[in-house]
Amino acid sequence: MKKILFVTSEAHPLIKTGGLADVSGSLPKALAELGQDIRLLIPYYQSLKATNDVYYRCTVRVNNCNVNILETRMPDSNVLVWLVDYPEFFNFPGNPYVDEHGNPWANNADRFALFCRVATEIATNRAYLDWQPDIVHCNDWQSALTPALLSLEAQRPITIFTIHNMAYQGTFPAATYDNLNLPRRLWNPNGLEYHNLLSFIKGGLAFADHITTVSPTYALEIQTAEFGYGLEDLLKHRKDHLSGIINGIDLEQWNPESDPYLSHHYETNSLNKKALNKAALQQAMGLPENPKIPVFGLISRLVHQKGIDMILECLPEMLEMPLQFVLLGSGDRLFEQQLHMFAAQNPEKISLRVGYDEQLAHLIEAGSDIFLMPSRFEPCGLNQMYSQRYGTLPIVRKTGGLADTVVDTLPATIANKTASGIVFSNAQAGALIEAIKRSLFLYSNPTGWRQLQKNAMLKDFSWHNSAQQYLNLYDSI
Ligand code: ADP
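What counts as what
- Residues numbered from 1 in each chain as written.
- Predicted model: local features only at pLDDT ≥ 70, side-chain atom pairs only at ≥ 80, totals over all residues.
- Heavy atoms only, no water.
- Axes fitted to C-alpha atoms, helices over the stretch in contact; angles between N-to-C directions.
- Helix = DSSP H or I, 4+ residues; strand = E, 2+ residues; numbered from the N terminus.
- Parallel < 35°, antiparallel > 145°, perpendicular 65-115°, else oblique.
- Contact = heavy atoms within 4.5 Å.
- Nonpolar A, V, L, I, M, F, W, Y, C, P; charged D, E, K, R; others polar.
- Near = heavy atom within 4 Å.
- Polar contact = N/O pair within 3.5 Å; in protein donor to acceptor, adjacent residues only side chain to side chain.
- Areas by Shrake-Rupley, 256 points an atom, 1.4 Å probe, with all protein chains shown as cover.
- Domains from an automatic or database assignment.
- Buried area = accessible area lost by both parts, 1.4 Å probe.
- Pairing = 2+ DSSP bridges.
- Phe/Tyr/Trp six-rings, centres within 6.5 Å; stacked < 30°, edge-to-face > 60°.
- Buried < 20%, exposed > 50% of the residue type's maximum accessible area, 1.4 Å probe, protein only.

Draft legend 1. Region of interest: the packing of helix H17 (residues 429–443) against helix H18 (residues 446–457). It is at 7 Å that the axes of H17 and H18 come closest, and there the two elements cross at 110°. Classified by the interaxial angle, the pair formed by H17 and H18 is roughly perpendicular. Along its contact with H17, which presents Ser439, Leu442 and Tyr443, the element H18 presents Pro446, Trp449 and Leu452. Across the contact of H17 with H18, the residue classes tally to five nonpolar, one polar and no charged.

Draft legend 2. Main features of the site of the ligand. Near the ligand you find 16 residues, and of these Arg301, Lys306, Gly355, Asp357 and Leu382 are the closest. Arginine 301 has a polar side-chain atom sitting 2.8 Å from an oxygen atom of the ligand. Between the ligand and lysine 306 there is a distance of 2.7 Å, counted from an oxygen atom to a side-chain nitrogen or oxygen. Burial of the ligand by the protein amounts to 85% of the accessible area it has alone, namely 560 Å². The set of elements that each furnish at least two residues to the shell around the ligand consists of strand S13 (295–302), strand S14 (324–331) and helix H14 (383–389). Considering each element in turn, the shell around the ligand owes the most residues, three residues, to S13. Residues belonging to the shell around the ligand are distributed by class as follows: seven nonpolar, five polar and four charged.

Draft legend 3. Examining the domain arrangement of the chain more closely. Segmenting the chain into domains produces domain 1 (3–248 + 464–476) and domain 2 (268–459). Carbon and sulfur atoms make up 60% of the surface buried where domain 1 meets domain 2, a total of about 1000 Å² over both sides. Inspection of the domain 1/domain 2 interface yields five residue pairs in polar contact (both at pLDDT 80 or more). With four residues, the top contributor of residues to the side of domain 1 that touches domain 2 is helix H7 (residues 216–221). Partitioned by chemical class, the residues of the side of domain 1 that touches domain 2 number six nonpolar, six polar and two charged.

Draft legend 4. Expanded view of the sheet that holds strand S10 (residues 197–199). Read from one edge of the open sheet, three strands run S8-S10-S9, paired in antiparallel fashion. The sheet terminates laterally at strand S8 (171–173) and strand S9 (193–194), the two strands that pair on one side only. Examined bridge by bridge, S8 and S10 share three bridges and lie antiparallel to one another. Its bridge partner lying in S10, phenylalanine 172 is registered against leucine 198. Where helix H6 (residues 200–207) meets the sheet, it contacts S8, S9 and S10, and its direction lies at approximately 60° from that of S10.

Draft legend 5. Representation of the packing of aromatic side chains. Under the defined criterion, the tally for this structure stands at 17 aromatic pairs. Aromatic side chains phenylalanine 90 and phenylalanine 112 sit 6.4 Å apart centroid to centroid with 55° between the ring planes, which places their arrangement in the tilted category. Of this pair, phenylalanine 90 sits in helix H2 (residues 87–90) while phenylalanine 112 sits in helix H3 (residues 108–123); the two residues are 22 residues apart in sequence, bridging distant segments of the chain. Neither phenylalanine 90 nor phenylalanine 112 differs from the other in exposure class; each is buried. Taking the centre distance of 5.4 Å and the plane angle of 75° together, the rings of phenylalanine 112 and tryptophan 141 count as edge-to-face.

Draft legend 6. Region of interest: the environment of aspartate 53. For aspartate 53, the position within the fold is in the loop between strand S2 (37–43) and strand S3 (55–62). Distance from aspartate 53 to threonine 72, taken between C-alpha atoms, is 5.9 Å for residues 19 residues apart in sequence. Every residue in contact with aspartate 53, bar those within four places of it in the chain, is listed here: Glu71 and Thr72.

Draft legend 7. Highlighting the sheet that holds strand S5 (residues 80–85). Strand order in the open sheet made by the nine strands is S3-S4-S5-S2-S1-S6-S7-S11-S12, with mixed pairing throughout. Edge positions in the sheet fall to S3 and strand S12 (242–244), since each has one partner strand and no second. Pairs of neighbouring strands in the sheet enclose a mean axial angle of 25°, with direction left out of account. Judged from the five bridges that link them, S2 and S5 form a sheet pairing that is parallel. Each residue of the ladder has a partner; that of leucine 41, found in S5, is tryptophan 82. Strands strand S7 (158–163) and strand S11 (210–213) of the sheet are contacted by H6, whose axis makes an angle of about 125° with S7.

Structure follows, in structure tokens:
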């Protein structure tokens with residue numbers, strides 16, 4: 001049994017802004033189920049929702065601050081959570097990282113440096129918790145100073161750093177470094193300095209014993225200039241200590257056999273009931289109810305990363321094809337307006353819902369035939385996995401986790417029953433249109449299509465699988 005300290009700035013359902021919260025909510029539970037002693041460390045934000053009791057455990061002094069450590073448990077599980085309680089930094093309403101205008105909190109460097117210092121105290125068993133981890137697993141820039149600080153300790157646990165998105169690095173002016181009172185030894189180009197800026201993420205990339213990302217393909221991509229955001233050389237240098245482990249999905253929440261958001265449940269042997277969800281979706285979105293016409297679905301942040309501009313470019317040609325298209329998302333105002341315009345002009349074919357709607361997301365996964373996810377980059381991605389589980393074949397671009405979780409439909413993969421979607425390479429509208437045409441051709445053969453749906457639905461996207469890979473990694477270091 002390993003003792004693991006899992007350091008994270010968000011964890012579902014306590015507090016969530018994105019995919020990191022899903023991983024932090026699921027992976028520790030899955031590791032606990034594999035018999036590991038794992039504890040989460042997370043800042044005690046005002047908006048953090050603990051449903052179990054919260055107790056005071058101890059007070060640690062770091063950088064002249066007295067910080068309380070509180071203890072609770074994850075909802076619906078026995079996994080212990082330690083909350084870093086420092087009201088001056090964390091007892092504010094709203095988002096963990098940005099204010100109500102979307103600007104980063106002015107004292108973010110102080111907040112997360114303090115968080116990392118507390119992690120370091122716990123990791124070295126100096127925090128009066130009487131518990132010494134074997135592994136400290138940090139995530140994204142907010143916890144990335146921990147491996148750097150631990151590198152200065154004579155007796156320290158093994159450190160792992162997971163990158164969930166290279167686009168966020170936690171960079172600050174050089175003067176911040178002095179204000180934070182961090183050890184001088186870490187300020188150099190091989191350490192936390194990045195072109196005369198302080199880079200939090202470098203603490204993880206340069207000092208962790210091992211680095212992971214959330215898919216094997218993304219682990220390779222971030223070693224190139226296109227995806228590495230200036231840190232590709234450091235990542236290349238560390239390539240022997242860098243690997244990818246794909247995220248799992250919540251198989252209870254996303255299960256077509258029992259999904260509480262659906263009126264009609266189905267599995268591989270009752271796929272005809274999927275048509276009832278399709279009718280419900282067409283009704284909900286105000287489209288003509290037609291069981292024959294293929295329905296395309298999209299659920300996404302409407303941003304450049306997700307290839308929404310490519311979709312807009314394809315729409316005029318898509319409108320000439322026999323299909324319907326339902327979209328759910330929000331994001332870039334210009335994308336929203338353009339999509340609204342297409343929907344208003346083509347109410348029989350396109351229906352758009354702007355906003356965040358969990359129930360509709362489930363109905364789109366269940367009721368669509370084909371799911372569009374032409375991302376420019378995608379560290380892991382979830383919707384392509386949900387889609388496969390719901391027998392909704394995804395069209396994805398060959399990048400990151402999309403490349404690792406969707407098997408293109410080709411003669412060989414049809415024959416060995418691994419084909420589970422349509423994969424295209426170039427981030428160009430022309431390539432996406434070809435993929436859409438290919439999907440329509442496949443859809444026109446009901447027997448072949450049904451087999452593809454079954455291949456997709458039977459794939460194993462469990463967290464158990466991913467947690468076992470993390471455990472193998474911990475054991476190998
Ligand atoms: P990312 O984290 O980059 O946004 P992912 O595919 O990894 O993309 O995860 C996005 C998650 O958020 C999925 O669970 C998806 O269903 C959900 N989601 C995104 N936009 C919406 C929306 N408008 N309404 C409901 N769920 C959404």
